[in-house]
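Chains, contacts and geometry: an overview
Take a look at the letters that make up each chain.
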Amino acid sequence: KKLSSGEIRQMFLDFFKSKGHSVEPSASLIPVDDPTLLWINSGVATLKKYFDGTVIPKNPRITNAQKSIRTNDIENVGKTARHLTFFEMLGNFSVGDYFKKEVIPWAWEFLTSDKWLGLDKDKLYVTVYPKDKDAKELWEKTGVPASHIYEVEDNFWDIGEGPSGPDTEIFYDRGQSFNNLPEDDPESYPGGENERYEEIWNIVFSQYNHLPDGRYVDQPHKNIDTGMGLERLVSVIQGTKTNFETDLFLPIIKATEKLSAGKTYGNGGRDDVAFKIIADHARTVTFAIGDGALPSNEGRGYVLRRLIRRAAVNGRRLGIKDAFLYKLVPVVGDIMESYYPEINRNKAFIQKVIRSEEDRFAETLDAGLSLLNQTIADLKANNETVVPGATAFKLFDTFGFPVELTKEIAEDQGIDVDMKGYEKNMEAQRTRARAARGDAQSMGSQDKTLMAIKTPSKFTGWTDLQDDAKLTD
Ligand code: ATP
Ligand code: MG
Ligand code: MG
Ligand code: MG
């Protein structure tokens, strides 16, 4: 019998409980007192208070399953087998307590022991930082043959000043049949950009302090911070082609099939990508709104708006005419019921927010799509291949199409977008907006309400979205 995602999450927490860890609940996706982050993007992000010494934990050993959002992976969703915008990160943490010689054998025990996951050792590979001889030695001592250990220069976690150190990553070999590259391609190794070796677990050895003058000095208290994507692990254990055929996603895809105009998942074409994007974005917006975020024109709200609009366009591709994303909320709620009962508890509210955003975009979506499709048809008739920047800008400014969305739709038809021209239009609009604000100031207007009215209520942030995964990537 295959383990369910709920059982796998629980096993991870139980394993680390058996190693003396305290289990912390998943924190909100919305960072508290942390202006450097748009969203919680990893398990360690919510535990910073322990690592920077602001709070002393009761137990220096902590484990959690943490909801995470990464917008830097939006474009990978549906294209790679493993990237999601919302995922759960399973982690174990040592706040100045255990270090390499404990964590390496533990990770191996959890993954390979028959008492726990019992994964096939031959399919597992690890990467280490070339200068980190300790890690390599420990992996060998734990039973990983040298032929399964790769030295990779990237394996160093550094955010500039502050704690830093080498890391080690664990990969699962899904087999050459899943690869997008030939076996002998130089990128076809654990740690390279390929679809064969899937990174499942990242273990950071925080052992140095990176000083302002550039030197790395030993930290008095060394820390461990690890992260393993639950969805990737479940996909490995349930033996699926991508993360999307696991029990975490398949019911959402099945529900979407029913809402579609007779489309089915699994034919390998562009429709499959649409199903995946919808399933991913349904989870992200459900959890984000559940944690208190709302669609808007800036920051987090922009991210939600962009995700809902991208899902809506992909719904149209599957022949779905009306608002539909909100109907997937209870499906997500049921899948996640055991660990996140709050989703079903709040589903009426979450659905209402998503539905009203879908209805709002529906007013411009069809007109925008028909402008874009007409543009593409005209280009093709004239043997041209590039959507003019002014059109991309109009789609953005008047119809609320993020330029990435325009690009994605055009590229599906072999058409490019003149991004430089788009940026020029964008810049011209910013200049106009600045001038308008300047006028308002020179008129001596201090009235906040008036200023708010004068500030154009346009989409100005799609292209300025922060890379909110800086801290871990
Ligand atoms: P990748 O190289 O595959 O993009 P990463 O090195 O960026 O992953 P980390 O920052 O090391 O990822 O995060 C720790 C773990 O969290 C990863 O090993 C992976 O299992 C999981 N993870 C990271 N990003 C995603 C994502 N976008 N979707 C699903 N799981 C993810
Ligand atoms: Mg990586
Ligand atoms: Mg990594
Ligand atoms: Mg990444």
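Residues numbered from 1 in each chain as written. Chains lettered and ligands numbered in written order. Predicted model: local features only at pLDDT ≥ 70, side-chain atom pairs only at ≥ 80, totals over all residues.

Under the annotation held in an unreviewed UniProt entry, the protein chain carries the name Alanine--tRNA ligase and is attributed to Lacticaseibacillus camelliae DSM 22697 = JCM 13995. In its Subcellular location (unreviewed entry) section, the UniProt entry covering the protein chain states "Cytoplasm". (UniProt positions renumbered as here; feature names shortened; annotations may be inferred.)

**A look at the overall build of the protein chain**
Regarding its fold elements, the protein chain presents 15 helices and eleven strands. Relative to its length of 473 residues, the protein chain is compact, with a C-alpha radius of gyration of 24 Å against a globular reference of 23 Å. The principal-axis extent of the C-alpha atoms belonging to the protein chain is close to 65 × 60 × 45 Å. Relative to its 473 residues, the protein chain shows a buried fraction of 44%. Across the protein chain, the fraction of contacts at a sequence separation of at least 24, relative to all contacts at a separation of at least 6, is 68%. (Helix = DSSP H or I, 4+ residues; strand = E, 2+ residues; numbered from the N terminus. Rg over C-alpha atoms; globule rule 2.2 N^0.38 Å. Buried ≥ 20, exposed ≤ 12 C-beta atoms within 10 Å, placed from the backbone. Contact = placed C-beta atoms within 7 Å.)

**Some remarks on the pairing of strand E2 (residues 61-69)**
The side chains of a regular strand alternate, first on one face of the sheet and then on the other. Burial of E2 is extensive: eight of the nine residues sit out of reach of the surface. Where strand E1 (residues 22-24) meets E2, three bridges bridge the pair, whose relative direction is parallel. Across the sheet, residue Ser 22 finds its bridge partner in E2, namely Ile 62. Examined bridge by bridge, E2 and strand E3 (residues 86-94) share nine bridges and lie antiparallel to one another. What sits directly across from Ala 65, in E3, is Leu 90. (Pairing = 2+ DSSP bridges.)

**Description of the site of ligand 1**
Near ligand 1 you find 18 residues, and of these Asp 73, Phe 87, Asn 202, Gly 227 and Gly 229 are the closest. Breaking the shell around ligand 1 down by element, the ones donating at least two residues are E3, strand E8 (197-210), strand E9 (216-229) and helix H5 (230-238). Of the residues forming the shell around ligand 1, the biggest block, four residues, is contributed by E8. (Near = placed C-beta within 6 Å.)

**Some words on helix H11 (residues 347-381)**
With 35 residues, H11 ought to run about 51 Å at 1.5 Å a step, and its terminal C-alpha atoms sit 47 Å apart, in line with that. For H11, every residue scored as buried is listed here: Ile 350, Gln 351, Val 353, Ile 354, Glu 357, Glu 358, Phe 361, Gly 368, Leu 372, Thr 375 and Ile 376. In this fold, the buried residues of H11 make contact with helix H7 (270-290), helix H8 (299-317), helix H9 (329-336), strand E10 (386-387), helix H12 (389-397) and helix H13 (403-412). Two residues or fewer past H11, Asn 383 is found with a positive phi of approximately 55°. (Expected span 1.5 Å × (residues − 1).)

**Focus on the domain arrangement of the protein chain**
It is common to report an interface's size as the accessible area lost on association of the parts. Assigned domains within the protein chain: domain 1 (5-238) and domain 2 (249-421). The centre of domain 1, based on its C-alpha atoms, is set 31 Å off from the matching centre of domain 2. Between domain 1 and domain 2, the residue contacts involve 16 residues of the former and 18 residues of the latter. Residue contributions to the side of domain 1 that touches domain 2 peak at three residues, all from E2. Of the residues contributing to the side of domain 1 that touches domain 2, the split by class is nine nonpolar, five polar and two charged. (Domains from an automatic or database assignment. Nonpolar A, V, L, I, M, F, W, Y, C, P; charged D, E, K, R; others polar.)

**Observations regarding the pairing of E9**
In terms of strand pairing, E3 meets E9 through four bridges, oriented antiparallel. Across the sheet, the residue bridging to Ser 94 is Ile 224, located in E9. For E8 and E9, the ladder comprises nine bridges, and the chain directions are antiparallel. Note on E9: the bridge partner recorded for Phe 205 is Ile 224.

**Re the nonpolar core**
Nonpolar side chains in soluble globular proteins generally cluster together in the buried interior. Of all hydrophobic cores here, the largest spans 118 residues; its most connected members are Ala 107, Ala 282, Ile 308, Leu 325 and Ile 354. The element best represented in this core is H7, accounting for ten residues. Taken together, domain 1 (5-238) and domain 2 (249-421) each give at least three residues to this core, which thus spans both. Other than its neighbours up to four places away in sequence, Ile 308 contacts Val 285, Pro 295, Leu 325, Ile 354, Glu 357, Glu 358 and Phe 361. (Core = buried A, V, L, I, M, F, W, Y, C linked by C-beta atoms within 7 Å.)

**Brief notes about the packing of helix H3 (residues 100-112) against helix H4 (residues 133-142)**
Interhelical geometry of H3 versus H4 gives an angle of 40° and a closest axis separation of 10 Å. Our classification of the angle between H3 and H4 gives oblique. In this structure, H3 meets H4 at a crossing whose hand is right-handed. Each of Lys 100, Lys 101, Ile 104, Pro 105 and Trp 108 in H3 lies in contact with H4, whose residues at this interface are Asp 134, Ala 135, Leu 138, Trp 139 and Thr 142. Its residues assigned to classes, the contact of H3 with H4 comprises six nonpolar, one polar and three charged. (Axes fitted to C-alpha atoms, helices over the stretch in contact; angles between N-to-C directions. Parallel < 35°, antiparallel > 145°, perpendicular 65-115°, else oblique. Left-handed = near helix turned anticlockwise from the far one by under 90°.)

**Observations concerning unusual backbone geometry**
Positioned with a positive phi, Asp 33 is a non-glycine residue whose angle comes to about 50°. Considering the arrangement of structural elements, one finds Asp 33 in the loop between E1 and helix H2 (48-51). By the C-beta count within 10 Å, which is 7 here, Asp 33 ends up exposed. Although it is not a glycine, Asn 383 sits at a positive phi angle of roughly 55°. Counting through the fold element by element, Asn 383 comes out in the loop between H11 and E10.

**A few points about the packing of H8 against H11**
Remark: H8 packs on H11, axes separated minimally by 10 Å, with the N-to-C direction vectors making an angle of 60°. By the angle between their directions, the pair H8 and H11 is classed as oblique. Read as a crossing pair, H8 and H11 show a hand that is right-handed. Residue-level contacts link Arg 305, Ile 308, Arg 309, Ala 312 and Arg 316 of H8 to Ile 354, Glu 357, Glu 358, Phe 361, Leu 365 and Leu 369 of H11. Residue composition of the contact of H8 with H11, by class: six nonpolar, no polar and five charged.

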